[in-house]
Amino acid sequence: MKPFGETARETRAKASELAEKTAENARLTAEGAKARIQDGYGRARAATEDFAAKASEQAGVAREAAGEALEKGKAQAKRANSKLKDVAEKQPLTLVAGAVAIGALLGSLLPKGRKDDADS
């Protein structure tokens, strides 16, 4: 049988070795978790930057299309105004007749009034 002191030293050495292994395992686990978190953060950041770039590009395209539509609308309004002025100067009666015809058309589209029950 071993002396008590020797058994205690062996037990202490084994406990110390186990503590070192546990500490090393904890360190490795923490490093692995840190690496996975950093990788996830990097991927999320890259995806966010990509999304922001695409959104900015689409906003630019939309802004450009809106500007073109505005310019086309202005040009059409200018042409319509010019034609209306020409008709008003050259054929004022035609313009009045057209306005009367449009008024009559709109009037025919309106619902008819109801007769009061007292009249029947």
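In what follows, the structure referred to is the one given above.
Residues numbered from 1 in each chain as written. Predicted model: local features only at pLDDT ≥ 70, side-chain atom pairs only at ≥ 80, totals over all residues. Heavy atoms only, no water.

Engineer: Sorry if this is basic, but what is going on with the overall build of the protein here?
Structural biologist: Helix and strand counts for the protein stand at 2 helices and 0 strands. A compact globule built from 120 residues would reach a C-alpha radius of gyration of about 14 Å, whereas the protein, at 44 Å, exceeds it by more than 25%. C-alpha extents for the protein along the principal axes are approximately 130 × 55 × 10 Å. For the protein, with 120 residues in total, the buried portion stands at 0%. Of the roughly 11,000 Å² that the protein leaves accessible, carbon and sulfur atoms contribute 61%. The positive charge centre, built from 22 side chains, and the negative charge centre, built from 18, are 2 Å apart in the protein. (Helix = DSSP H or I, 4+ residues; strand = E, 2+ residues; numbered from the N terminus. Rg over C-alpha atoms; globule rule 2.2 N^0.38 Å. Buried < 20%, exposed > 50% of the residue type's maximum accessible area, 1.4 Å probe, protein only. Areas by Shrake-Rupley, 256 points an atom, 1.4 Å probe, with all protein chains shown as cover. Lys, Arg positive; Asp, Glu negative; His and termini not counted. Charge placed at Lys NZ, Arg CZ, Asp CG, Glu CD.)

Engineer: Please explain the pattern of salt bridges as it appears in this structure.
Structural biologist: Pairing between side chains of opposite charge can happen when their charged atoms approach one another. For the structure on display, the rule yields 6 salt bridges. A salt bridge links Arg-27 to Glu-24; the nearest nitrogen and oxygen atoms lie 2.5 Å apart. With Arg-27 and Glu-24 both in helix 1 (residues 4-90) and 3 residues apart, the pair spans about one turn of that helix. Close ionic contact of Asp-39 with Arg-43 constitutes a salt bridge, the shortest N to O distance being 3.1 Å. (Salt bridge = Lys/Arg side-chain N within 4 Å of Asp/Glu carboxyl O.)

Engineer: Even after reading the chapter, I still don't get the environment of Thr-22, so can you show me in this structure?
Structural biologist: Following the sequence through the fold, Thr-22 ends up in helix 1. For the pair Thr-22 and Leu-110, spaced 88 residues apart in sequence, the C-alpha separation works out to 89 Å. Within the structure, the side chain of Thr-22 is placed 2.8 Å from the backbone oxygen of Leu-18, a separation counted as a polar contact. (Polar contact = N/O pair within 3.5 Å; in protein donor to acceptor, adjacent residues only side chain to side chain.)

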